[in-house]
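# Understanding the architecture of this molecule
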Amino acid sequence: MAAKRVIPCLDVKDGRVVKGIKFQNLRDMGHPAELACRYDLEGADEVVFLDISATDEKRATQEAWVREVAHALSIPFTVGGGVSSVEGIRRLLRAGADKVGINTAAVNNPRLIAEAADVFGRQCVVVAIDAARDPKLGWRVFVNGGKKPTDLDAVAWMDQVAELGAGEILLTSIDRDGTLEGFDLELLQKAGRLSIPVIASGGAGTEMHFLEALQHGADAVLAATLFHEGTLPIPKLKTFLASQGVSVRR
Amino acid sequence: MITLIDYGAGNLHSLEGALDRLGFPHTRAERPSEAAPSGALVLPGVGHFHAAQMALQSRGWWRDMPQMVADGRPLLGICLGLQLLAEGSEESPKDSGLGLIPGIARRLGPGVKVPLMGWAQVQQQSSHPALPDPKGGWLYFVHSYALETDVETIYTAFHGRTFSAVKARGRVLGFQPHPEKSGPFGLVLLQKTLNWMGETSIDFQEEACN
């Protein structure tokens with residue numbers, strides 16, 4: 001049976017890793033390949049990179065660091081952030097990314113999901129969804145880095161992207177992101193009935209939070225701060241999950 | 001010298017990175033005429049069975065690969081590469097595979113999430129001179145279709161049902177998982193396979209990430 005995955009997320013700006021807390025107070029943390037390798041050796045199952053560079057600055061640096069990461073890493077990695085076309089996806093896959101995350105562009109043009117899945121196979125298409133609780137919709141989808149609300153019901157949108165050909169959903173709770181108060185378990189429960197894997201993101205603060213997320217339908221758990229700060233080392237988290245009967249790779 | 005078959009199916013960087021870390025000399029070839037004069041061929045692959053087959057046909061590989069194997073060249077298929085070496089796939093029922101390894105790739109499931117994207121344990125079904133008993137070691141899989149198990153299955157994995165994780169016939173060997181994406185254990189398997197195929201590493205670096 002597939003192991004539950006533990007995934008650190010690195011924010012990259014202009015070819016350097018930065019750490020974002022609620023998308024603010026950026027600080028430089030080093031080279032993507034260097035930091036990702038630290039996680040590779042620690043036993044991370046994958047790495048997700050979110051490139052938050054402005055679009056025009058991006059091209060020059062992005063291919064270079066993605067290629068370096070592909071060369072250095074012995075585990076899979078996903079690159080997302082500002083990807084908006086089949087051509088953009090092709091560029092990242094050619095540079096060595098295993099999967100590409102699309103978010104705002106998928107909302108603006110849902111056909112992109114189907115096109116990408118047709119051309120590259122659905123296994124490399126990760127649709128990232130930023131969702132916040134909403135009195136009317138239950139959960140509302142936000143785009144542009146979680147800043148701009150849309151009319152989309154997040155649960156309905158998850159169904160739609162799975163139907164269109166997404167291979168995986170990276171589901172971030174905007175309400176919980178950076179709070180360390182735990183994942184939005186109700187949202188995960190809604191996602192857990194999908195036929196494609198779901199990565200839970202936003203809110204992890206303790207090892208118990210990860211366990212809860214995996215018990216509420218997540219196939220993988222993602223965090224940034226907790227891992228970057230060394231508050232919860234990945235080997236310690238995996239030992240805990242295994243002790244609770246979760247199947248993890250060790 | 002290892003020849004990586006480059007038919008535009010995306011990512012060769014990870015594989016090249018793994019071979020560099022293991023110290024194996026390698027080259028890319030878009031066409032059979034560009035292949036190294038001898039040594040192992042590696043057929044990687046992601047994407048759709050039909051698209052990959054068309055690309056291999058247009059670059060002359062589909063025609064030449066069976067002859068190269070008949071001439072004694074070892075061939076390693078990875079992921080979709082393995083499925084292309086088999087007899088066919090439910091993903092594209094009208095196309096046939098190269099038939100160098102028996103079996104037809106059938107869709108995973110029902111009752112499990114497809115594609116399988118992630119780490120699964122492998123067990124030995126039959127012994128093979130290239131590969132150790134994996135004893136439940138973890139490898140990274142990304143696929144929707146898989147070959148059934150039969151007498152040529154070396155390793156099995158389980159996702160809804162038991163399927164072939166490694167199959168071999170003669171000097172043709174295929175991995176359904178990605179050994180180049182499977183941490184230190186995957187690299188060891190890749191190294192042992194290539195050694196068995198007659199390749200020698202010249203500068204083996206024990207640690208990843210250097």
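Residues numbered from 1 in each chain as written. Chains lettered and ligands numbered in written order. Predicted model: local features only at pLDDT ≥ 70, side-chain atom pairs only at ≥ 80, totals over all residues.

## Quick look at the packing of helix α8 (residues 207–215) of chain A against helix α10 (residues 234–243) of chain A
Residues and elements named next belong to chain A. Rules: Here an axis means a line fitted to C-alpha atoms, over the contact stretch when the element is a helix, while the angle between two N-to-C directions is reported on a 0 to 180 degree scale. Working definition: helices are DSSP H or I runs of at least four residues, strands are E runs of at least two. Numbering for both runs from the N terminus. Any angle from 65 to 115 degrees is called roughly perpendicular, while one under 35 is roughly parallel, one over 145 is roughly antiparallel, and all others are oblique. The sense of a crossing depends on the near helix, which, turned anticlockwise from the far helix by less than a right angle, makes the crossing left-handed and, turned clockwise, makes it right-handed. Placing a C-beta atom from the backbone of each residue, one calls two residues in contact when those atoms lie within 7 Å. We call Asp, Glu, Lys and Arg charged. Ala, Val, Leu, Ile, Met, Phe, Trp, Tyr, Cys and Pro are nonpolar, and the rest, Gly among them, are polar.
Relative orientation of the contacting elements α8 and α10 amounts to 50°, with a least axis distance of 10 Å. Comparing their axes, α10 and α8 come out oblique. Where α8 crosses over α10, the two elements pack in a sense that is right-handed. Taking contact as the criterion, the partners of E207, F210 and L211 in α8 are, on α10, L237, F240 and L241. Tallied by class, the residues present in the contact of α8 with α10 amount to 5 nonpolar, no polar and 1 charged.

## Some words on the sheet that holds strand β10 (residues 145–147) of chain B
Strand pairing in a sheet relies on backbone hydrogen bonds, with the paired strands running either antiparallel or parallel. All names here are of chain B. How we decide: The pairing criterion for strands is at least two bridges between them, as found by DSSP.
Pairing is mixed in the open sheet, where 3 strands are placed in the order β5-β6-β10. Looking at which strands have only one partner, the edges of the open sheet turn out to be β5 (88–89) and β10. The sheet contact formed by β5 and strand β6 (residues 104–107) spans 2 bridges and is parallel. If you follow S89 over to β6, its bridge partner there is A105.

## A short note on the confidence of the model for chain A
Operational definition: Within a predicted model, pLDDT stands for the predictor's per-residue confidence, ranging from 0 to 100.
Confidence in the prediction for chain A averages 91 pLDDT; 94% of positions are at 70 or higher. Within the model, pLDDT remains below 50 along residues 20–25 of chain A, and this stretch shows 8 contacts once partners closer than five positions in the same chain are excluded.

## A short note on the sheet that holds strand β1 (residues 2–5) of chain B
One open sheet accounts for 8 strands, arranged β2-β1-β3-β4-β13-β12-β11-β8 (chain B); its pairing is mixed. The sheet is open, and its two edges are formed by β2 (26–29) and β8 (123–124) of chain B, each paired on a single side.

## As for the interface of chain A and chain B
In this complex, chain A contributes 32 residues to the contact, which on the side of chain B involves 29 residues. Among the elements of the structure, α1 (32–42), α2 (55–72) and α3 (86–95) of chain A are those that each provide at least two residues to the side of chain A that touches chain B. In terms of residue count, the dominant contributor to the side of chain A that touches chain B is α2 of chain A (4 residues). For the side of chain A that touches chain B, the per-class residue count stands at 15 nonpolar, 7 polar and 10 charged.

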